[in-house]
Amino acid sequence: MDKPFVLLADDNEATCTLITALLQSEFVVEVASDGGEAIEKLKSRQYAAILLDLRMPHVDGYAVLDSLSTERADLLSRVIILTAAVDAREMQRLGGYPVQRIIAKPFEVDVLFHAVRQCAGGDDASTMRVPIISGGMLFLLAEVLRRV
């Protein structure tokens with residue numbers, strides 16, 4: 001059986017390395033380093049889930065959300081906002097977009113898996129992996145591995 005595709009739009013290499021490693025057993029992860037690249041990728045492939053950081057250089061996550069609202073509103077329900085920017089102002093601004101979920105960084109692995117599986121249509125909690133270490137430690141490990 002073919003693996004579903006997930007689009008990860010984030011400019012942080014360590015985050016991309018970590019998430020790709022975590023999801024690759026069940027999904028094909030394609031990475032976009034900014035919103036412009038994400039918008040282009042969204043034109044050429046159907047994604048089961050879209051993991052979207054809000055703060056990226058050049059074209060930010062809000063521009064991606066605006067583009068989806070205009071061009072592919074049906075995909076907004078597959079968007080998982082994965083960001084460190086989760087203050088009240090940001091939450092209010094995000095309220096206008098019917099996204100699947102907002103997950104704060106650092107995240108717990110099981111929370112991310114649950115959200116991605118839910119977007120992909122398979123949410124079997126019995127097969128969820130339990131993280132051995134916390135999300136914060138995973139980010140630290142990913143940063144160390146990226147530098148090696």
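Residues numbered from 1 in each chain as written. Predicted model: local features only at pLDDT ≥ 70, side-chain atom pairs only at ≥ 80, totals over all residues. Heavy atoms only, no water.

Draft legend 1. Spotlight on the overall build of the protein. When its secondary structure is counted, the protein shows 6 helices and 5 strands. Helices and strands appear in the protein in the N-to-C order β-α-β-α-β-α-β-α-β-α-α. Expressed as a percentage of the 148 residues in the protein, the buried residues total 42%. Nonlocal contacts in the protein, meaning residues at least 24 apart in sequence, comprise 56% of its contacts between residues at least 6 apart. (Helix = DSSP H or I, 4+ residues; strand = E, 2+ residues; numbered from the N terminus. Buried < 20%, exposed > 50% of the residue type's maximum accessible area, 1.4 Å probe, protein only. Contact = heavy atoms within 4.5 Å.)

Draft legend 2. Representation of the nonpolar core in the model. Core analysis: the biggest nonpolar cluster contains 22 residues, and Leu42, Ile50, Leu52, Leu65, Leu68, Val79 and Ile81 have the highest contact counts within it. Broken down by secondary-structure element, the contributors of at least two residues to this core are β1 (5–9), α2 (35–44), β3 (49–52), α3 (61–71) and β4 (79–83). The element contributing the most residues to this core is α3, with 4 residues. In contact with Leu65, not counting residues within four places along its chain, are Leu52, Leu54, Leu76, Val79, Ile81, Leu94, Tyr97 and Val99. Counting 21 residues, the second largest nonpolar core, distinct from the first, contains Phe27, Ala49, Phe113 and Ala115. (Core = buried A, V, L, I, M, F, W, Y, C linked by side-chain atoms within 4.5 Å.)

Draft legend 3. The packing of α2 against α3, seen in detail. Between α2 and α3, the least distance of the axes is 8 Å, while the angle of their chain directions is 25 degrees. Regarding the angle of α2 to α3, the classification is roughly parallel. Relative to α3, α2 is oriented so that their crossing is right-handed. Here α2 contributes Gly35, Ala38, Ile39 and Leu42 to the contact with α3, which in turn contributes Ala63, Val64, Ser67 and Leu68. Split by residue class, the contact of α2 with α3 holds 6 nonpolar, 2 polar and no charged. (Axes fitted to C-alpha atoms, helices over the stretch in contact; angles between N-to-C directions. Parallel < 35°, antiparallel > 145°, perpendicular 65-115°, else oblique. Left-handed = near helix turned anticlockwise from the far one by under 90°. Nonpolar A, V, L, I, M, F, W, Y, C, P; charged D, E, K, R; others polar.)

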